[in-house]
Amino acid sequence: MVSQNQNVISLESVSKVYSGNTHALRDVSLHVGAGEIFGLLGPNGAGKSTLVKVLLTVVKPTVARGEMLGKPIGDKKTLARVGYLPEQHRLAPYLTARQAVEFLAALSGVDRVTRKKRAAELLDRVGLLKWMDRRVNVFSKGMRQRAGLAAALMNDPQIVFLDEPTDGVDPVGRVEIRDLLLQMRREGRTVFLNSHLLGEAEQICDRVAILVQGRVVKQGRMDDLQKEGSRQELTVRWGGSGASAVANTAMSVGVGAEVAAHGAATARSLPFRGMQIAPTVTADGKHQYVFADLDAAAAQPALDAARAAGGEIISLIPMRQRLEELFMKIVVDPLTGKAPPPGAGS
Amino acid sequence: MTAFTAILVDGYRELVAKNLFTLSMILSLLVVAVIGIGGLNEQGVTILGFTIEVPFVNSNIFTPADFYKLMFNSVGVKFWLGWLACLLALVSSAGMFPEMVSSGVVENMLSRPLPRWRLYIYKFTAGLLFTSLQMTVFCMASFLVIGLRGGAWEPGLFLAIPLVTLLYSYLFAMSALLGTITRSAIAALLLTILFWGFLFTVNSAEFLLNGFRISSIKECEAIQALMEKRKKENPEVDVSDLESEFDRNQSALSNLALWHRVVFAVKTVFPKTDETTSLLQRWTLEASNMKDEGDDDAEEVAATAQKQRRRGETSFGNSRAKQREVNLAHEADQRSRGVGWILGTSVAFEIFTLGLGCWLFSRRDF
């Protein structure tokens, strides 16, 4: 196994131009550390599957400078240490689950004894022990996906590429697959996850890269990306009087001078960033305002002003940026509100 | 080796899962059974105790062993295995390559520590299982039938296994290439059948042209012999009619020879399906044992040939040369084609087809 903190995938520049001068990948550069779950995210047609296929020699790259497990991209022998669950994969319908996973393992050079042993173990792990001698043509999509996951692990891989592994799997199955991925990480395997499901990626990925039109537009540790755009939510409560305090607080958080004109009407809603913030009237007759989405610079003066005006600070909660928000910010054109068309263009 | 074995086993499982394979096996055994229930007596052919009088197929002409070997070659190998069983095998395995290169499957195959060309060759080899397994069963059953019914234990029959498998491999190499290019089983099958038809046409055209060419040679020889005979009988005799006939035949011969050379050159490049299976006949049966028709006069032969033509009977068009001589010369000419030429040129084309398939498969993005 590759030691922790070492990159198992280091791409300096990977490009793929299809015929017709269509750029599917353009100068992709990314790094995946050993033993981490790496998420490759992006809208449809961004080039996620193409990148994985380039790494696994299914697609021939136009340019591929980089290494996987210490060997140049495209080195066939390296693939003996790599597992892969393709998107919408199909197992031969005339094979049983056991035969199907053993067949794929044999193609990876796994010997017969090991194949027999691991097939039973892994099919048990994915919940198909009772079904392992049934033909896969009677399997549901979720069961086929589980069988595919078992097949991807048959050669005891150091890196496992999973392209939409929870596609077609029911919610219970999704949780089980998520647990399986976490277990892979505990075993020291690197998981390279292609997914549209940002919520899932957010829950389990250590690092992510966002691919748009064949380019990596963002990559980093999940924590860092979430902190990068983090906001604060301030909740303040006042008694019946103190209109000026409200005004001051509102002004300090950027509401604007016109708010002060509300005078003593503390129970009125306040305009805040184009919206009306209505207070909640608590049981003891006090009014509670919530100022959400404050950046770090605005939160501190607001806090000070609220305190100075005798306001009761209920909470100041740091709101981590959700992956979906980050993704939408990156992917969606702010002017049109639409995702870019597939491919990196010509 | 692990991967190769796995692909072979997978190929076998795929075949067993298809009803067509089982059906084909049963039909093969039925064909052997039909050959087995037939027999010979002095009047003709016997089937389940009934006699069908056939003047040219009876125990005076053939020994039982030769009869069964002839049936094995002409009905079993040439007709059943060389045509129908090959067609069933093509139908059954036409989907192998399109399926392998289809989305969702090809990723699993290519992302392995195995060069693509090797994967292609392994899959191709697995595709030959249909025919080789069927041939094995057929040959074993035929071996028993010829041994028990004909009294000849002929291990040479087992040569049919590699020969028919080889014949099928010419076609399957094309099917694999077309399946890889078109990614469609139907397209691969139809185009392969078209290719097979083309081979049949080229082979038949060459066979006929060669027959006519040899017939013309024999005709010229016969006319020359007749002229010499007449001059010998009467040195003053006028043979101008024979001379002009000779000139016409010479001219036809040069035309036929030219066309034969052209078709033969085309045929040389492509697989020789018919001649490949004929090799078995060459190795298991003696050269033609037709009864000699006697030393007829060329003029009598001409009269007979004219009568034959009036009755619509086909011959290679000779009027003065004896049909038997022409046939023997034609057969001798066919047999003079070396095994190296027949198999070598056919296998060379197959290697080219496979190489092209491997190259395309290795270059393509999936």
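Residues numbered from 1 in each chain as written. Chains lettered and ligands numbered in written order. Predicted model: local features only at pLDDT ≥ 70, side-chain atom pairs only at ≥ 80, totals over all residues. Heavy atoms only, no water.

1. Points about the overall build of chain B
Each helix and strand counted, chain B has 14 helices and three strands in total. Burial analysis of chain B (366 residues in total) assigns 49% to the buried set. The contacts in chain B between residues at least 6 apart in sequence include a share of 77% that link residues at least 24 apart. For chain B, the accessible surface area stands at approximately 17,100 Å², while carbon and sulfur atoms represent 65% of it. (Helix = DSSP H or I, 4+ residues; strand = E, 2+ residues; numbered from the N terminus. Buried < 20%, exposed > 50% of the residue type's maximum accessible area, 1.4 Å probe, protein only. Contact = heavy atoms within 4.5 Å. Areas by Shrake-Rupley, 256 points an atom, 1.4 Å probe, with all protein chains shown as cover.)

2. What about the interface of chain A and chain B?
Every contact between the two is made by 29 residues of chain A and, on the other side, 28 residues of chain B. Contact between chain A and chain B buries roughly 2,600 Å² in total, counting both sides, with carbon and sulfur atoms accounting for 55%. Ranking the residues of chain A by area buried against chain B places A:Arg90, A:Tyr94 and A:Leu107 at the top, with a combined share of 27%. For the interface between chain A and chain B, the tally reads three salt bridges. Among the ionic pairs, B:Glu107 bridges to A:Lys53, the shortest N-O distance being 3.5 Å. Viewed at the interface, chain B and chain A are joined by 19 residue pairs in polar contact (both at pLDDT 80 or more). (Buried area = accessible area lost by both parts, 1.4 Å probe. Salt bridge = Lys/Arg side-chain N within 4 Å of Asp/Glu carboxyl O. Polar contact = N/O pair within 3.5 Å; in protein donor to acceptor, adjacent residues only side chain to side chain.)

3. Section: the pairing of strand 3 (residues 50-53) of chain B
All names here are of chain B. Summarising the sheet, strand 2 (residues 44-47) and strand 3 pair through four bridges and their orientation is antiparallel. By the bridge assignment, Ile47 is partnered in strand 3 with Phe50. Remark: two residues form the turn of the hairpin made by strand 2 and strand 3, two consecutive strands paired antiparallel; Leu48 in that turn has positive phi of roughly 50°. (Pairing = 2+ DSSP bridges.)

4. What about the confidence of the model for chain A?
Counting all residues, the mean pLDDT for chain A is 83, and 82% of those residues have values of 70 or more. Every residue in residues 255-267 of chain A is under pLDDT 50, and counting partners more than four places away or in other chains gives 27 contacts. (pLDDT = per-residue confidence, 0-100.)

5. Here's the deal with the domain arrangement of chain B
All names here are of chain B. What the domain assignment reports for chain B is domain 1 (2-186) and domain 2 (203-335). Counting residues at the interface gives 18 residues for domain 1, matched by 14 residues for domain 2. Buried area between domain 1 and domain 2, summed over both chains or domains, comes out near 1,400 Å², and the portion from carbon and sulfur atoms is 70%. Taken together, domain 1 and domain 2 are joined by one salt bridge. As a salt-bridge pair, Lys78 and Asp274 come within 3.3 Å of each other at their nearest N and O atoms. Secondary-structure elements contributing two or more residues to the side of domain 1 that touches domain 2 are helix 3 (64-93) and helix 8 (160-182). In terms of residue count, the dominant contributor to the side of domain 1 that touches domain 2 is helix 3 (seven residues). (Domains from an automatic or database assignment.)

6. A short note on the environment of A:Leu294
Relative to the elements of secondary structure, A:Leu294 occurs in strand 15 (residues 287-294). Along the primary structure A:Leu294 and A:Gln232 are separated by 62 residues, whereas in three dimensions their C-alpha atoms are 4.9 Å apart.

7. Let's talk about the packing of aromatic side chains
Residue and element names in this part refer to chain B. Considering all chains together, one arrives at 23 aromatic pairs over all chains under this definition. Between Tyr120 and Phe361, the ring centres sit 5.8 Å apart and the planes meet at 45°, which makes this aromatic pair tilted. Pair noted here: Tyr120 is in helix 6 (residues 116-127) and Phe361 is in helix 14 (residues 339-363), with a separation of 241 residues, a long-range link. The same class applies to Tyr120 and to Phe361, which are both buried. Judged by centre distance (5.0 Å) and plane angle (5°), the ring pair of Phe264 and Trp341 falls under stacked. Residue Phe264 is found in helix 10 (residues 240-269), and its partner Trp341 is found in helix 14; the two are separated by 77 residues along the sequence. Cation over ring: Lys272 sits above Trp341, and NZ or CZ is 5.2 Å from the ring centre. (Phe/Tyr/Trp six-rings, centres within 6.5 Å; stacked < 30°, edge-to-face > 60°. Lys NZ or Arg CZ within 6 Å of the ring centre and 35° of its normal.)

8. Side note on the packing of helix 3 of chain B against helix 9 (residues 185-233) of chain B
How two helices sit against one another is set out by the angle between their axes and by the gap between those axes. Residues and elements named next belong to chain B. Between helix 3 and helix 9, whose axes approach to 10 Å, the crossing angle comes to 155°. The orientation of helix 3 with respect to helix 9, classified from their angle, is roughly antiparallel. Once helix 3 is placed against helix 9, the crossing between them reads as right-handed. Along its contact with helix 3, which presents Gly82, Trp83, Cys86, Leu87, Leu90 and Val91, the element helix 9 presents Leu189, Thr192, Ile193, Trp196 and Phe200. Considered class by class, the residues forming the contact of helix 3 with helix 9 number nine nonpolar, two polar and no charged. (Axes fitted to C-alpha atoms, helices over the stretch in contact; angles between N-to-C directions. Parallel < 35°, antiparallel > 145°, perpendicular 65-115°, else oblique. Left-handed = near helix turned anticlockwise from the far one by under 90°. Nonpolar A, V, L, I, M, F, W, Y, C, P; charged D, E, K, R; others polar.)

9. As for a negative patch on the surface
A cluster of acidic residues, B:Asp238, B:Asp241, B:Glu243 and B:Asp247, forms a negative patch at the surface. Positionally, B:Glu243 belongs in helix 10. (Patch = residues over 30% accessible without salt bridge, like charges linked within 9 Å, V, L, I, M, F, W, Y side chains within 5 Å. Lys, Arg positive; Asp, Glu negative; His and termini not counted. Charge placed at Lys NZ, Arg CZ, Asp CG, Glu CD.)

10. Structural notes on the pattern of salt bridges
Tallied over the full model, the rule gives 25 salt bridges over all chains. One salt bridge in this structure joins A:Glu121 and A:Lys117, with 3.5 Å as the shortest N-O distance. Taken together, the residues A:Glu121 and A:Lys117, both in helix 3 (residues 112-125) and four residues apart, mark about one turn of the helix. In this structure, A:Asp167 engages A:Lys141 in a salt bridge whose closest nitrogen and oxygen atoms are separated by 3.7 Å. Highlighted residues: A:Asp167 in the loop between strand 7 (159-163) and helix 5 (171-186) and A:Lys141 in helix 4 (residues 141-153), separated in sequence by 26 residues. Since its relative accessible area comes to 45%, A:Lys141 is described here as partly exposed. Shared partners join several salt bridges into a network, and the residues in it are B:Glu206, B:Lys267, B:Glu275, B:Asp333 and B:Arg337.

11. What to know about the sheet that holds strand 3 of chain B
Residue and element names in this part refer to chain B. Strand order in this open sheet of three strands is 1-2-3, and the pairing throughout is antiparallel. The open sheet is flanked by strand 1 (38-40) and strand 3, the only strands paired with a single partner. Between one strand axis and the next, the sheet turns through 30° on average, direction left out of account. Across the sheet, helix 3 touches strand 1 and strand 2, and the angle it forms with strand 1 is around 140°.

12. Observations concerning the packing of helix 2 (residues 97-107) of chain A against helix 1 (residues 2-17) of chain B
Two elements in contact, helix 2 of chain A and helix 1 of chain B, have axes whose closest approach is 8 Å; the angle formed by their N-to-C orientations is 145°. Between helix 2 of chain A and helix 1 of chain B lies a crossing of left-handed hand. Every residue of helix 1 of chain B that contacts helix 2 of chain A at A:Gln99, A:Phe103, A:Ala106 and A:Leu107 is listed here: B:Thr2, B:Ala3, B:Ala6, B:Ile7, B:Asp10 and B:Arg13.

13. Observations regarding the confidence of the model for chain B
Low-confidence regions, as indicated by low pLDDT, have predicted coordinates that should not be scrutinised in detail. All names here are of chain B. Across chain B, the average pLDDT comes to 86, with 90% of residues at 70 or higher. Low confidence marks residues 287-295, where pLDDT is under 50. Its contacts with residues over four positions away, or in another chain, come to 13 contacts. ipTM for the predicted complex: 0.79, alongside a pTM of 0.81.

14. Focus: the sheet that holds strand 3 (residues 37-41) of chain A
Residues and elements named next belong to chain A. Across the sheet, which stays open at both edges, the six strands sit in the order 6-7-8-3-9-10 with mixed pairing between neighbours. Taken across any chain shown, the strands that pair with only one partner, and hence form the sheet edges, are strand 6 (82-85) and strand 10 (215-221). Strand-to-strand, the axes of this sheet are offset by a mean angle of 15°, without reference to chain direction. Both strand 7 and strand 8 (residues 190-194) contribute to a ladder of five bridges, which runs parallel. The partner of Val160 across the bridge, within strand 8, is Val191. In the packing of helix 4 onto the sheet, the strands contacted are strand 6 and strand 7, and the crossing angle to strand 6 comes to about 165°. Each of strand 3, strand 9 (207-212) and strand 10 is contacted by helix 10 (residues 323-331), which is oriented at about 25° to strand 9, the strand it contacts most.

15. Digging into unusual backbone geometry
Residues and elements named next belong to chain A. In this structure, Leu69 takes a positive phi of about 50° despite not being glycine. Inspection of the secondary structure assignment puts Leu69 in the loop between strand 4 (63-68) and strand 5 (71-72). Under the relative-accessibility criterion, Leu69 is labelled buried at 9%. In this model, Gln88 sits at a positive phi of 50°, which is unusual for a non-glycine residue.

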